[in-house]
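Here is how the chains run, residue by residue.
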Amino acid sequence: MQTFIALLRAINVGGTGKLPMADLVRICETAGFSDVKTYIQSGNVVFKSDLEAGAIQALIEDALAKKVGKPVGVQIRRAADFDRLLAENPFKKAPPNQVIVMFFDEPPPKDALAEIRSPGGEELQLRGRELYIHYPNGQGRSKLKIPFAAAATGRNINTVAKLAAMARELSK
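So, here's what we can say about the structure. (Residues numbered from 1 in each chain as written. Predicted model: local features only at pLDDT ≥ 70, side-chain atom pairs only at ≥ 80, totals over all residues. Heavy atoms only, no water.)

Some words on the overall build of the protein chain
Alright, step 1. Secondary structure assignment for the protein chain yields 4 helices and 8 strands.
Alright, step 2. In the protein chain, the succession of α and β elements from N to C terminus is β-α-β-β-α-β-α-β-β-β-β-α.
Alright, step 3. Taken over C-alpha atoms, the radius of gyration comes to 16 Å for the protein chain, in line with the 16 Å a tight globule of 172 residues would show.
Alright, step 4. When the backbone C-alpha atoms are referred to their principal axes, the protein chain occupies close to 45 × 35 × 25 Å.
Alright, step 5. Out of the 172 residues in the protein chain, the part that is buried amounts to 44%.
Alright, step 6. Nonlocal contacts in the protein chain, meaning residues at least 24 apart in sequence, comprise 68% of its contacts between residues at least 6 apart.
Alright, step 7. A total accessible area of about 8,700 Å² is found for the protein chain, and carbon and sulfur atoms account for 52% of it. (Helix = DSSP H or I, 4+ residues; strand = E, 2+ residues; numbered from the N terminus. Rg over C-alpha atoms; globule rule 2.2 N^0.38 Å. Buried < 20%, exposed > 50% of the residue type's maximum accessible area, 1.4 Å probe, protein only. Contact = heavy atoms within 4.5 Å. Areas by Shrake-Rupley, 256 points an atom, 1.4 Å probe, with all protein chains shown as cover.)

A short note on the environment of Ala150
Alright, step 1. The residue Ala150 is located in the loop between strand S7 (130-134) and strand S8 (153-156) in this model.
Alright, step 2. Residues Ala150 and Val46, spaced 104 residues apart in sequence, show a C-alpha to C-alpha distance of 24 Å.

Re the side chain of Thr159
Alright, step 1. For Thr159, the location among the structural elements is in helix H4 (residues 157-171).
Alright, step 2. Discounting residues that sit within four places of it in the chain, Thr159 has contacts with Tyr39, Ile40 and Asn44.

Some details on the pattern of salt bridges
Alright, step 1. Scanning all chains against the criterion turns up 10 salt bridges.
Alright, step 2. The salt bridge involving Arg26 is made with Asp23; its shortest N-O contact spans 2.2 Å. Residue Arg26 and its partner Asp23 are both found in helix H1 (residues 21-30); the two are separated by 3 residues, about one turn of the helix.
Alright, step 3. We classify Arg26 as partly exposed; its relative accessible area is 47%.
Alright, step 4. Residue Asp23 is classed as buried on the basis of its relative accessible area of 13%.
Alright, step 5. Its salt-bridge partner being Arg77, residue Glu130 comes within 2.8 Å of it at the nearest N-O pair. Placement of the pair is Glu130 in strand S7 and Arg77 in strand S4 (residues 74-78), with a sequence separation of 53 residues.
Alright, step 6. For Glu130, a relative accessible area of 2% corresponds to the buried category.
Alright, step 7. A network of salt bridges, in which partner residues are shared, links Arg77, Arg84, Glu88 and Glu130. (Salt bridge = Lys/Arg side-chain N within 4 Å of Asp/Glu carboxyl O.)

Written out as structure tokens, the structure reads:
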């Protein structure tokens, strides 16, 4: 069994997509995942499964659509992916709550950042299926627009680190 992390998009954020984490645990356990643990109320879950990432994503997305009545995007990564994300963070000197990792199903085109303007001094670095963004004035104040990120979901480095630690613990 491998350890996976699932990140749900737009769950329990700003009053949208209400989903108690106990329901998320039940969804994952019903799908056959083991050692299911959630982190905070924004749709982060760590678990073990024998399935491949694509099958896991399809199972969770289908179950969530039935539960909440609309599509919910889900990103799936292996435990080792989160350790890599932390190691590759290009903004290690920035406060971790000011660095967001955006998760995509597929890598955006290499030139995806060419037209992006950083009105508040934001820095962006694309690495495979993830986009790192440093928001020097905080994400809430930023006017940065990333059109190709509409279907992505983001987590700050504090959350990425916590999920990586949970995944490592589960993998023991």
